[in-house]
Amino acid sequence: MFYYVLKYVILGPLLRLLFRPRIEGLEHVPEEGAAIVAGNHLSFSDHFLMPAILPRRITFLAKQEYFTGPGLKGALIAAFFRSAGQIPVDRTGGRASQSAVEEALKVLRRGELMGVYPEGTRSHDGRLYKGRTGVAVMALKSGAPVVPCAMVGTFEIQPPGRVLPRIRRVTIRFSEPMDFSRFAGMENERFVLRSVVDEIVYAIMELSGQEYVDRYATEVKAELAAARAAHPKLRRSA
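Residues numbered from 1 in each chain as written. Predicted model: local features only at pLDDT ≥ 70, side-chain atom pairs only at ≥ 80, totals over all residues. Heavy atoms only, no water.

(A) Broad picture of the sheet that holds strand β4 (residues 87-89). Reading across from one edge, β1-β8-β7-β2-β5-β3-β4 is the order of the seven strands in this open sheet, with mixed pairing throughout. The outermost strands of the open sheet, each flanked by one partner alone, are β1 (22-24) and β4. Taken over all neighbouring pairs, the strand axes of this sheet differ in orientation by 25 degrees on average, direction set aside. Docked against the sheet, helix α2 (residues 46-53) engages β1, β2 (35-39), β3 (58-63), β7 (146-152) and β8 (171-174), running at close to 65 degrees with respect to β8. Each of β2, β3, β5 (113-116) and β7 is contacted by helix α5 (residues 134-142), which is oriented at about 165 degrees to β2, the strand it contacts most. (Pairing = 2+ DSSP bridges. Helix = DSSP H or I, 4+ residues; strand = E, 2+ residues; numbered from the N terminus. Axes fitted to C-alpha atoms, helices over the stretch in contact; angles between N-to-C directions. Contact = heavy atoms within 4.5 Å.)

(B) Up close: empty space enclosed by the protein. Inspection of every chain in the model, using the stated rule, returns one cavity of 30 Å³ or more. Of the voids in this model, the largest cavity is the one considered here, and its volume is about 200 Å³. Broken down by secondary-structure element, the contributors of at least two residues to the lining of the largest cavity are α1 (2-19), α2, β3 and α3 (71-83). With six residues, the single largest contributor to the lining of the largest cavity is α1. Taken together, the residues of the lining of the largest cavity sort by class into 12 nonpolar, three polar and one charged. (1 Å grid on protein atoms, 1.4 Å probe; cavity = no way out; pocket = protein on both sides within 12 Å on 5 of 7 lines; lining within 4 Å. Points joined across faces, edges and corners; volume = space filled by probe spheres on them. Nonpolar A, V, L, I, M, F, W, Y, C, P; charged D, E, K, R; others polar.)

(C) Looking closely at the pairing of β5. Both faces of β5 are covered, namely the face carrying Leu113 and Gly115 and the face carrying Met114 and Val116. By the bridge criterion, four bridges tie β2 to β5 in an arrangement that is parallel. Looking at β5, one finds that Ile36 is bridged to Met114. Note that β3 and β5 share three bridges and pair parallel. Looking at the pairing, Thr59 lines up with Met114 of β5. (Buried < 20%, exposed > 50% of the residue type's maximum accessible area, 1.4 Å probe, protein only.)

(D) Structural detail: the pairing of β3. With five of six residues buried, β3 lies mostly within the body of the structure. One ladder, built from three bridges, connects β3 with β4; its direction is parallel. Note that in β4 the partner of Ala62 across the bridge is Pro88.

(E) Examining the environment of Gly115 more closely. Relative to the helices and strands, Gly115 is located in strand β5. Classification of Gly115 by relative accessible area gives buried; the value is 0%. Counting along the chain gives 57 residues from Gly115 to Ile58, while the straight-line C-alpha distance between them is 6.2 Å. The contacts of Gly115, once residues within four sequence positions are left out, are Val37, Ile58, Thr59, Phe60 and Leu61.

(F) Geometry of the packing of α5 against helix α7 (residues 190-208). Relative orientation of the contacting elements α5 and α7 amounts to 105 degrees, with a least axis distance of 8 Å. When the interaxial angle is binned, α5 and α7 end up roughly perpendicular. Judged by residue contacts, Val135, Ala136, Val137 and Leu140 of α5 engage Val192, Leu193, Val196, Val197 and Ile200 from α7. Classifying every residue of the contact of α5 with α7 gives nine nonpolar, no polar and no charged. (Parallel < 35°, antiparallel > 145°, perpendicular 65-115°, else oblique.)

(G) Quick peek at α5. Along α5, the residues that are buried comprise Val135, Ala136, Val137, Met138, Ala139 and Leu140. Gly143 sits one or two residues past α5 and shows a positive phi near 75 degrees.

Purely spatial values, then, with no claim about function.
The following block contains the structure:
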């Protein structure tokens, strides 16, 4: 209930008014049945803009930190994400990440839309990074088609660290669903999973026009954080 109040009464109309999103290829999102929408992730605003323009409800995997923040602000953010039906993801890997995949599969088995950011985190510099294989596991186990999505302009309106977004027009693009049924039953094959997620990320790159980096964004972020900690001048100029 709260999801639809946000979508149609509170946030949806406001976001459409402020950012006037240009929508391309919306016809590629199935009107019914299970599907995975796999997109790039440039801004905190992505969590709101894509759901606002989709006719159907979509459930996202959201990082666990959104559900565990301290103080009143943390409690409000956690309440928002829970009310919107978002699924927390523990990004430490292993069994924790597998649990998130299982929750996502439950959504797909109900014939609903599942939203995934294959990079696993926001891009810190606007480039597109190597995808994690969780989306491939979901696609092969569920048999659901994958719809590539590109958010264009959201990095410019709200890059990491910016609290309030700039008011500028953004573009949201979708392309034809990708069918991976040829790999059915091969979800335990690492080479197959890598091939599938690379194909998905390549489709996102074609839609978004981003520069691709063949490294995980989390690794690059960790290196930058370590460099800034070791060299205070870098931290001040960043």
